[in-house]
Amino acid sequence: MKGHATAPAPAGSFLPDTRGIRANIGGWAQLSVVQYFVAEAAVIEAWAGPGPYSRATGFISDLGAISCGIYEDRAVCSPLHWLMNASFVVQGLALVLGALFLTAGLLSVAARPGVTARRFRAVADDSPQTRVLTVPWILAVAIRILTGVAGVGTVLVGLVPEDLGSPWHFAGALMFFIGGGFALLLLGILWFRQTPISWFLAACGLVCIGALVVGAITGMEVPQPGLLERFMGYPVTIGLAAAGLVIAQRVHTERKVLRAR
């Protein structure tokens, strides 16, 4: 009945997973990673090195270097390094929140309007339907784990700037690229034929993984290492934000349906 939004949702509805704070935090946490691009632009604008910063040749981590001077073979000086590192941490925490608060069931059906998340919860019987649903459930769990790994890696990048000489910075960057790239690839597979955006997500994952392979083979010794690194990182940020938008939109739609009853 209209006006009874707090009443229990009908059996088999999508709403048990959208009424709580878990769904809202999960969807918008993924979407919030776009703040990174705003911070990066501001930090680049404040660059104080001997030459202008170039996205084609400058590494992303140079923007978070806390000291001015020569790092490896590059002259770095980023007065707003604190902003860049804070952005890394915020981005990483957003991804971790998304991994923690998005249930596997919600993630499995977020791009399939009208399909219940309850169907994807673990059940005890061994029916044919259960066996069919096992694959998307496993994919959803793997996506959550990989997204969490990417988030933790980004936090490490922000907390341990490159010029501190700690191996944790490099490890964190790899965690972000590998975890984020494969999370997007699996998400594209999970949402295949559910939404056209699945192709975009899979493409983002493949671009990231491909650039990572090229970087590993060449040791980043390429004419434009900054561009190559951005082919690793940008698709992850953009792809996960797009996925968050799909999830958040589904939550919003389902809540509107509930309020109209």
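Residues numbered from 1 in each chain as written. Predicted model: local features only at pLDDT ≥ 70, side-chain atom pairs only at ≥ 80, totals over all residues. Heavy atoms only, no water.

1. Focus on the overall build of the protein
Regarding its fold elements, the protein presents eight helices and two strands. Ordered by position from the N terminus, the helices and strands of the protein form the series α-α-β-β-α-α-α-α-α-α. Taking all 261 residues of the protein together, the buried fraction comes to 50%. Counting contacts in the protein only where the partners sit at least 6 residues apart, residues at least 24 apart contribute 72% of the total. Working note: accessible area of the protein is about 12,500 Å², and carbon and sulfur atoms make up 70% of it. (Helix = DSSP H or I, 4+ residues; strand = E, 2+ residues; numbered from the N terminus. Buried < 20%, exposed > 50% of the residue type's maximum accessible area, 1.4 Å probe, protein only. Contact = heavy atoms within 4.5 Å. Areas by Shrake-Rupley, 256 points an atom, 1.4 Å probe, with all protein chains shown as cover.)

2. Side note on unusual backbone geometry
For Glu 72, which is not glycine, the phi dihedral falls at a positive 55°. Here Glu 72 falls in the exposed class, since its relative accessible area comes to 58%. Positive phi, normally seen in glycine, also occurs at Arg 193, with a value near 70°. Turning to its location among the elements, Arg 193 is positioned in the loop between α6 (167-190) and α7 (197-218).

3. Comments concerning the pattern of salt bridges
One pass over the structure, following the stated rule, counts five salt bridges. Between Glu 162 and Arg 74 there is a salt bridge; the shortest N-O distance is 3.6 Å. Taken together, the positions of Glu 162 in the loop between α5 (128-159) and α6 and Arg 74 in strand β2 (residues 74-76) put the pair 88 residues apart, joining distant regions of the chain. Accessibility expressed as a relative area gives 12% for Arg 74, which makes it buried. Three or more residues joined by partner-sharing salt bridges are found here, namely Asp 62, Glu 72, Arg 74 and Glu 162. (Salt bridge = Lys/Arg side-chain N within 4 Å of Asp/Glu carboxyl O.)

4. Thoughts on the state of the cysteines
One pass over the full model with this rule turns up one disulfide. Unpaired in this structure, Cys 204 has its nearest cysteine sulfur neighbour in Cys 208, at a distance of 9.3 Å. With relative accessibility at 7%, the residue Cys 204 sits in the buried group. According to the relative accessible area criterion, Cys 208 is buried, its value standing at 0%. (Disulfide = S-S within 2.5 Å.)

5. A short note on the packing of aromatic side chains
Applying the stated criterion across every chain, the model contains seven aromatic pairs. Pairing Phe 37 with Tyr 234 gives two aromatic rings, centres 5.1 Å apart and planes at 70°, and the pair type is edge-to-face. Placement of the pair is Phe 37 in helix α2 (residues 35-45) and Tyr 234 in helix α8 (residues 225-260), with a sequence separation of 197 residues. Relative accessible area serves as the criterion here: at 18%, Tyr 234 is assigned to the buried category. Cluster of aromatic residues (ring-pair linked, three or more members): Tyr 36, Phe 37, Phe 88 and Tyr 234. (Phe/Tyr/Trp six-rings, centres within 6.5 Å; stacked < 30°, edge-to-face > 60°.)

6. So, the packing of α2 against helix α3 (residues 81-101)
At a closest axis distance of 9 Å, the pairing of α2 and α3 adopts a crossing angle of 170°. Of the possible angle classes, the one that applies to α2 and α3 is roughly antiparallel. The segment α2 lies against α3, with Gln 35, Tyr 36, Ala 39, Glu 40, Ala 42 and Val 43 engaging Leu 83, Met 84, Ser 87, Phe 88, Val 90 and Gln 91. Of the residues in the contact of α2 with α3, the class split is eight nonpolar, three polar and one charged. (Axes fitted to C-alpha atoms, helices over the stretch in contact; angles between N-to-C directions. Parallel < 35°, antiparallel > 145°, perpendicular 65-115°, else oblique. Nonpolar A, V, L, I, M, F, W, Y, C, P; charged D, E, K, R; others polar.)

7. Some details on a nonpolar patch on the surface
Together, Val 141, Ile 145 and Val 149 make up an exposed nonpolar region whose accessible area comes to about 210 Å². Looking at the secondary structure, you find Val 141 in helix α5. (Patch = residues over 30% accessible without salt bridge, like charges linked within 9 Å, V, L, I, M, F, W, Y side chains within 5 Å.)

8. Side note on the packing of α6 against α7
Following both chains from N to C, one finds α6 and α7 inclined at 145°, their axes separated by 7 Å at the closest point. When you trace α6 past α7, the crossing you get is left-handed. The segment α6 lies against α7, with Leu 174, Phe 177, Ile 178, Gly 181, Phe 182, Leu 184, Leu 185, Leu 187 and Gly 188 engaging Ser 198, Leu 201, Ala 202, Cys 204, Gly 205, Leu 206, Cys 208, Ile 209 and Leu 212. Split into classes, the residues belonging to the contact of α6 with α7 amount to 14 nonpolar, four polar and no charged. (Left-handed = near helix turned anticlockwise from the far one by under 90°.)

9. Examining α7
The terminal C-alpha atoms of α7 lie 32 Å apart, and with 22 residues this matches the ideal 32 Å at 1.5 Å per residue to within 8%. Every buried residue belonging to α7 is among Ile 197, Ser 198, Leu 201, Ala 202, Cys 204, Gly 205, Cys 208, Ile 209, Ala 211, Leu 212 and Gly 215, and all of these are buried. Looking at the residues trailing α7, positive phi occurs at Gly 219, about 65°. (Expected span 1.5 Å × (residues − 1).)

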